[in-house]
Amino acid sequence: MPAYHPLTEAEAIQYARTLPDLFTADSQLVSREIGDGNLNLVFHISEPSTGKSIILKQALPYAKVVGESWPLTLDRARIESEALMIQESLCPELVPHVYSYVPDLALTVMQDLSDHVIMRRGLMEGNRYPLFAGHIGHFLAHTLFYTSDLGMNQQEKKERVKRFINPELCKITEDLIFDDPYTDSPNNDVPPAIRDAVEAVWNDTELHLEVAILRDKFLTHAQSLLHGDLHTGSIFIKPDSTKVIDPEFAYYGPMGFDIGAVFANLLLHYASREGWDKDAAARADSRSYLTGTIREAWAAFEKEFRSLWDQNGVDRMAKTPGYQDWYMQQVLRDTFGYTGSKMVRRVHGLAQVADINRLEDANAKERAQRIALAVGTSLIKFNRQASSIEEMINIADNAVR
């Protein structure tokens, strides 16, 4: 195997030909580099004569969004491929199949999902996905339960924690989510129209205390193997199928971080409907769909997680009466806090969301940004008091009244 170097499209095709039982010998293969993310090269390799296709994803040794001045470990490709394989073993219908991983090239070969769309784009186009709540609830329940001390041998879990320490990518999260948005950091990208609201965030010590507590849990609470970056840009979707992709930020952390990432991006889109819908009735309908999705996703997650605990829990002490209810309350409260944290970071931090940034009407964009910031900060401040997912929905609805 050659030494690591970023592949060209011709080299990607050459490598694809070496994969067994995929393409016809000597047939024409076509490559397109389709990576639009921040960290990787992504090659779509297809065989026009048969319609077969695969994806080759190669990690770059730097953050593509910034350049070579921001170096990154190539080990994240191993972490991503191993996380995908674990997730596939638990939820085979909800993640892409991994054909192979090539350590020397930091290259993962996986199922092509071109018949799906990125969920963020689908929502921006006004599409709705009635099965998504159940799908993501199932994914979260199974991946979080079976990688925790509740669902696997504790010593085996500790060995797995070692394989997913992921310090370089965790550092990105620690800075961009739990530090930069709360100070005048050069990494921020503050929209001028809402600078007053952003400066209020920088000066809010009550808010900073809650963020510090959430950050401490992120740093120390190795609860489950997380996806680590579970936003609507990391989900491929169509009406009857959901596929979770891109777990290169995978590590062991608090369950609520993954759940909160999903809910944060639904609520960011909720804020963005200020510009995507042209009248109040359509806006209210869109937002009702989004909050309904959050309600259904939490209900599906909690029901399945409790069922797995009751039927397959491996820890005798975890069966103590009252412990399950206490544990689920803590997960809910963490979910509130991390939902808020992920929202605030996407309003004026690095790498914001297209849902809001692509709004053409400046007034609608400003309103959406202010709504997102108001919801995010309220969720953070309320997180340790939360008792029901309905309180999250009420906070969002109150912000737009």
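Each chain has its residues counted from 1, following the order in which its sequence is written. This being a predicted model, a pLDDT of at least 70 is required before a residue's local features are given, and a value of 80 or more before pairs of side-chain atoms are given or counted; all residues contribute to the totals for chains, interfaces and linings. Hydrogens and water are ignored here; the side-chain numbers use all heavy atoms of the structure.

- The name an unreviewed UniProt entry gives the chain is Methylthioribose kinase, with Paenibacillus allorhizosphaerae as the organism.
- UniProt positions are given in the numbering used here, feature names are shortened, and annotations may be inferred rather than shown by experiment. Turning to the chain, the UniProt record has this under Subunit (unreviewed entry): "Homodimer."

## Things to note about the sheet that holds strand S7 (residues 107-111)
- Here a strand pair is declared whenever DSSP counts at least two bridges between the two strands. In this text, helices come from DSSP runs of H or I with a minimum length of four residues, and strands from runs of E with a minimum of two, each type numbered from the N-terminal end. Ordered by their spatial adjacency, 5 strands build an open sheet running S1-S2-S3-S7-S6, and the pairing between neighbours is antiparallel. Two strands bound the open sheet, and with one partner strand each, they are strand S1 (30-33) and strand S6 (98-102). For this sheet, the mean inter-axis angle between neighbouring strands, taken without regard to orientation, is 20°.
- Strands S1, strand S2 (40-47), strand S3 (52-59), S6 and S7 of the sheet are contacted by helix H1 (residues 9-17), whose axis makes an angle of about 130° with S1.
- Helix-sheet contacts for helix H2 (residues 75-90) involve S2, S3, S6 and S7, and the interaxial angle to S6 is about 155°. Axis geometry follows a simple rule: fit a line to the C-alpha atoms, using only the stretch in contact for helices, then measure angles between N-to-C directions, giving values from 0 to 180 degrees. Any two residues whose heavy atoms approach within 4.5 Å are treated as being in contact.

## Focus: the UniProt feature "binding site: substrate" (unreviewed entry) in the chain
- When the UniProt feature table is mapped to this numbering, "binding site: substrate" (unreviewed entry) covers Asp229 and Arg345. Of the residues just listed, which span 117 residues, no C-alpha pair is farther apart than 12.9 Å, and they cluster in one region.
- Turning to its location among the elements, Asp229 is positioned in the loop between strand S9 (224-226) and strand S10 (235-238).
- Residue classification places Asp229 among the buried residues on the basis of a relative accessible area of 16%.
- Among the structural elements, Arg345 can be located in helix H11 (residues 323-348).
- Beyond its immediate stretch of four places on either side in the chain, Arg345 contacts Leu176, Ile177, Pro181, Leu350 and Ala351. Only protein chains enter the area calculation, which uses a 1.4 Å probe; residues under 20% of their type maximum are buried, those over 50% are exposed, and those in between are partly exposed.

## Comments concerning the packing of aromatic side chains
- Two rings from Phe, Tyr or Trp (for Trp, the six-membered ring) form a pair when their centres are within 6.5 Å of each other. A pair whose planes differ by under 30 degrees is stacked, one over 60 is edge-to-face, and the rest are tilted. One pass over the full model with this rule turns up 17 aromatic pairs.
- Judged by centre distance (4.8 Å) and plane angle (45°), the ring pair of Phe218 and Tyr251 falls under tilted. On the criterion of sequence distance, the pair formed by Phe218 in helix H8 (residues 205-220) and Tyr251 in strand S12 (residues 251-253) is long-range, its members being 33 residues apart. In this pair, the class of Phe218 matches that of Tyr251, namely buried.
- Whether a charge sits over a ring comes down to the Lys NZ or Arg CZ being within 6 Å of the ring centre and within 35 degrees of the ring normal. Residue placement shows Arg287 over the ring face of Tyr270; its charged tip is 5.1 Å from the ring centre.

## Some points on the UniProt feature "binding site: ATP" (unreviewed entry) in the chain
- Under the feature "binding site: ATP" (unreviewed entry), the UniProt entry names Asn40, Lys57, Asp246, Pro247 and Glu248. Spatial clustering of the annotated residues is evident: they stretch over 209 residues in sequence, but the largest pairwise C-alpha distance comes to 12.5 Å.
- Within the fold, Asn40 resides in strand S2.
- A polar side-chain atom of Asn40 sits 3.3 Å from a polar atom in the side chain of Arg76.
- Among the secondary structure elements, Glu248 is positioned in the loop between strand S11 (241-244) and S12. Whenever a nitrogen or oxygen atom comes within 3.5 Å of another N or O atom, the pair is scored as a polar contact, on the condition that within protein one atom can donate a hydrogen and the other can accept it, and that pairs from neighbouring residues in sequence are kept only if both atoms are in side chains.

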